[in-house]
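Spelled out from the first residue to the last, the chains are:
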Amino acid sequence: MIPTTKSTKMEFDKLSRSVIGCAIEVHRTLGPGLLESTYRQCLAYELSEVQIPFQMEVPLPVRYKNILLDCGYRIDLLVSANLIVEIKSVETLLPIQRAQILTYMRLARIPIGLLINFNVTKLQSGIKRFVL
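Notes on the structure in this doc start here. All of these numbers come straight from a predicted model, not from anything done at the bench. (Residues numbered from 1 in each chain as written. Predicted model: local features only at pLDDT ≥ 70, side-chain atom pairs only at ≥ 80, totals over all residues. Heavy atoms only, no water.)

### A closer look at the side chain of glutamine 97
So, point 1. Inspection of the secondary structure assignment puts glutamine 97 in helix 3 (residues 95-108).
So, point 2. Judged by its relative accessible area of 12%, glutamine 97 falls in the buried class.
So, point 3. Among the polar contacts listed, one links the side chain of glutamine 97 to the backbone nitrogen of leucine 94, at a separation of 2.6 Å.
So, point 4. In this structure, glutamine 97 is in contact with Lys88, Val90, Thr92 and Leu115, ignoring residues within four places of it in sequence. (Helix = DSSP H or I, 4+ residues; strand = E, 2+ residues; numbered from the N terminus. Buried < 20%, exposed > 50% of the residue type's maximum accessible area, 1.4 Å probe, protein only. Polar contact = N/O pair within 3.5 Å; in protein donor to acceptor, adjacent residues only side chain to side chain. Contact = heavy atoms within 4.5 Å.)

### Looking at the pairing of strand 5 (residues 83-88)
So, point 1. By the criterion of burial, strand 5 is predominantly enclosed, with 6 of the 6 residues buried.
So, point 2. Where burial is concerned, the two faces of strand 5 agree: the one with Leu83, Val85 and Ile87 and the one with Ile84, Glu86 and Lys88 are both buried.
So, point 3. One ladder, built from 3 bridges, connects strand 4 (residues 74-79) with strand 5; its direction is antiparallel. Among the inter-strand pairings, valine 79 is bridged to a residue of strand 5, identified as leucine 83.
So, point 4. The loop that links strand 4 with its antiparallel partner strand 5 comprises 3 residues; one of these, serine 80, has a positive phi angle of about 50 degrees. (Pairing = 2+ DSSP bridges.)

### Some remarks on the packing of aromatic side chains
So, point 1. In this structure the tally under the stated criterion is 2 aromatic pairs.
So, point 2. Summarising the aromatic geometry, the rings of tyrosine 73 and tyrosine 104 are spaced 5.9 Å apart at their centres and angled 65 degrees between planes, so their arrangement reads as edge-to-face. On the criterion of sequence distance, the pair formed by tyrosine 73 in the loop between strand 3 (67-69) and strand 4 and tyrosine 104 in helix 3 is long-range, its members being 31 residues apart. (Phe/Tyr/Trp six-rings, centres within 6.5 Å; stacked < 30°, edge-to-face > 60°.)

Written out as structure tokens, the structure reads:
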């Protein structure tokens, strides 16, 4: 796990604000109602444009006892190797979707995550930030 100092927290805040800004641009351009994969690709494009490093569809193995198992889990976007971004396009975020990102953060040992639901009228209401 990444240690959280005051300067690290400021870096996380700056990074998450930058990612949210990119997501707002995607939502402003496309609006709600498209597939998650569309928003993921467009957000990746925006991150590239502002030169924020990221990886898409990062495999996330599950540690079970003393073995790592590939169970098919994928992180939508791993930004700067220390921010998980999960993208949704659903009517309402459910508790299970919140649990999903928290579990991904715990498994990946990454203390900060964004859950972004693009299927909303105003994107700010679809953004949830999580810190372990």
